[in-house]
Amino acid sequence: LMTITTLGSGSSGNGYVLQNETEALIIECGVNYKHAVGALKGNVSKVNGCLVTHSHGDHAGFIKQYAKAFNVYATKGTLEECGIQANTFHCCTTPLFKEFKVGNFVVKAFDTEHDTQEPCGFIIYHEEMGTMLFITDTHHIRYKFNFPINHVFIECNHTDGLVDKSVENGVIPYKVGVRAKATHMSLERCINCLNACDLSKTKNIVLIHISDNNGNSNMFKNKVEMATGKPVYVATKGLVLDLL
């Protein structure tokens, strides 16, 4: 049985552990390694590697800590921005649009739209869970995923209206509001992206990276469920989901 544990989702730190009895794949290293060890119940020897989407601290802040233990996969631009030389000890360059294997996980990265060098999302396949789409920290996605996707992890960060309200109420500075709209996926664009996917075999959609100030978990969950007709979950710290 393949499960995924959310170590954190949002600007305070992101991390996910995909695992079955014998192997594991970590996505993002934005939370302290000890939390990953906890989710693995101490069995770190089964970890095949760790995928990183981009260089911001809430996704890659602990990359050097994780790279001491096992291979970390990130684009050349991400590694450079993290101050790491590509293809040195345990730091592997992720190619774009080219499948590579991490143990029995087959991974393909694609480019996303964020304010970092070479950010990416992932398509991850394992025979025990099927195909997963993982998208975070991007304004939009320029691709249509027209193959059956079993599990979708997708950013649903804000609505423009909630951002404007946060700015008006002095919760966030104007510049932060502008950046949120320009570099993160809104509810509307999240739904557009899902509608451009083949969801015929989708078992669950998990909303990730919801903004504390400019998001509304319950509303987002309900709207995405209405738009897709699929079970929708919100990634909260400690959420464990079976990927059947």
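Preceding this section is the structure that the text describes.
Asker: Hey, could you run me through the overall build of the protein chain in this one?
Answerer: Counting its secondary structure elements, the protein chain contains eight helices and 14 strands. Based on the C-alpha atoms only, the size of the protein chain along its principal axes is roughly 50 × 40 × 30 Å. Relative to its 244 residues, the protein chain shows a buried fraction of 55%. Expressed as a percentage of contacts within the protein chain between residues at least 6 apart in sequence, the contacts between residues at least 24 apart total 59%. Accessible area for the protein chain stands at about 10,500 Å²; split by element, carbon and sulfur atoms hold 50% of it. Charged side chains in the protein chain number 22 positive and 23 negative. The centres of these two groups are separated by 1 Å.

Asker: So what exactly am I meant to see when it comes to the sheet that holds strand β2 (residues 15–19) here?
Answerer: For sheets, the rule is that strands pair by backbone hydrogen bonds, running either parallel or antiparallel. The sheet built from seven strands is open, its strands ordered β6-β5-β4-β3-β2-β1-β14 with mixed pairing. Where the open sheet ends on each side, the last strands, each with one partner, are β6 (91–93) and β14 (240–242). Averaged over all pairs of adjacent strands, the angle between their axes in this sheet comes to 20 degrees, without regard to strand direction. Bridge analysis of strand β3 (residues 24–27) against strand β4 (residues 47–51) gives four bridges, and the strand direction is parallel. Residue pairing in the sheet places Ile27 in a bridge with Leu51 of β4.

Asker: Please clarify how the pairing of β3 should be interpreted in this entry.
Answerer: The two faces of the sheet receive side chains in turn, since in a regular strand these alternate between them. Going residue by residue along β3, you find Ala24 and Ile26 tucked away on one face and Leu25 and Ile27 tucked away on the opposite face as well. Pairing of β2 with β3 involves four bridges; the strand directions are antiparallel. Looking at β3, one finds that Val17 is bridged to Ile26. One crossover worth recording links β3 to the parallel β4 by way of helix α1 (residues 33–39), and it is right-handed.

Asker: Even after reading the chapter, I still don't get the packing of aromatic side chains, so can you show me in this structure?
Answerer: Any aromatic ring pair is given by two values, namely how distant the centres are and how the planes are angled relative to each other. Considering all chains together, one arrives at eleven aromatic pairs under this definition. Aromatic pair Tyr16 and Phe134: ring centres 5.4 Å apart, planes at 70 degrees, arrangement edge-to-face. With Tyr16 in strand β2 and Phe134 in strand β10 (residues 130–135), this pair connects stretches of sequence that are 118 residues apart. Phe134 shares its class with Tyr16; the two are buried. Between Tyr66 and Phe70 the ring centres are 6.4 Å apart and the planes differ by 75 degrees, which places this aromatic pair in the edge-to-face class. Of the two residues, Tyr66 and Phe70, both sit in the buried class. Each residue in the set Phe97, Phe110, Tyr143, Phe145 and Phe147 is aromatic and connected to the rest through ring pairs, giving one cluster.

Asker: Can you walk me through the nonpolar core in this structure?
Answerer: With 26 residues, the main nonpolar core has Leu18, Leu51, Ile124 and Met132 as its most contacted residues. Mapped by element, the contributors of at least two residues to this core are β2, β3, β7 (100–102), β8 (105–111), β9 (120–126), β10 and β12 (204–208). Here Ile124 is in contact with Leu18, Leu25, Ile27, Leu51, Phe105, Val106, Met129, Gly130, Thr131 and Met132, once residues within four sequence places are set aside. With 25 residues, the next largest nonpolar core counts Ile123, Leu133, Cys197 and Leu207 among its residues.

Asker: Got a minute to help me understand the packing of helix α7 (residues 187–195) against helix α8 (residues 217–228) in this structure?
Answerer: The interhelical angle for the contact between α7 and α8, taken along N-to-C directions, is 30 degrees, at an axis separation of 10 Å. Judged by the angle between their axes, α7 and α8 are roughly parallel. The crossing of α7 and α8 is right-handed. Side by side, α7 and α8 meet where Leu187, Ile191, Leu194 and Asn195 of the first sit next to Met219, Phe220, Lys223, Val224, Ala227 and Thr228 of the second. Residue composition of the contact of α7 with α8, by class: seven nonpolar, two polar and one charged.

Asker: Is there a simple way to explain the environment of Asn222 in this structure?
Answerer: Note on placement: Asn222 falls in helix α8. Between the C-alpha atoms of Asn222 and Ser166, which are 56 residues apart in sequence, the distance is 22 Å.

Asker: For this particular structure, what's the right way to read the side chain of His158?
Answerer: Here His158 shows up in the loop between β11 (151–155) and α5 (160–168). Exposure remark for His158: the relative accessible area of 0% places this residue in the buried category. Looking at His158, its side chain comes within polar contact range of the side chain of Asp160, at 3.3 Å. His158 has contacts with Val163, Ala180, Lys181, His184, Met185, Ser186, Leu187, Glu188, Arg189, Asn214 and Phe220, leaving out every residue within four places of it along the chain.

Definitions and cut-offs
Residues numbered from 1 in each chain as written. Predicted model: local features only at pLDDT ≥ 70, side-chain atom pairs only at ≥ 80, totals over all residues. Heavy atoms only, no water. Helix = DSSP H or I, 4+ residues; strand = E, 2+ residues; numbered from the N terminus. Buried < 20%, exposed > 50% of the residue type's maximum accessible area, 1.4 Å probe, protein only. Contact = heavy atoms within 4.5 Å. Areas by Shrake-Rupley, 256 points an atom, 1.4 Å probe, with all protein chains shown as cover. Lys, Arg positive; Asp, Glu negative; His and termini not counted. Charge placed at Lys NZ, Arg CZ, Asp CG, Glu CD. Pairing = 2+ DSSP bridges. Axes fitted to C-alpha atoms, helices over the stretch in contact; angles between N-to-C directions. Right-handed = clockwise from strand over helix to strand, strands pointing away. Phe/Tyr/Trp six-rings, centres within 6.5 Å; stacked < 30°, edge-to-face > 60°. Core = buried A, V, L, I, M, F, W, Y, C linked by side-chain atoms within 4.5 Å. Parallel < 35°, antiparallel > 145°, perpendicular 65-115°, else oblique. Left-handed = near helix turned anticlockwise from the far one by under 90°. Nonpolar A, V, L, I, M, F, W, Y, C, P; charged D, E, K, R; others polar. Polar contact = N/O pair within 3.5 Å; in protein donor to acceptor, adjacent residues only side chain to side chain.

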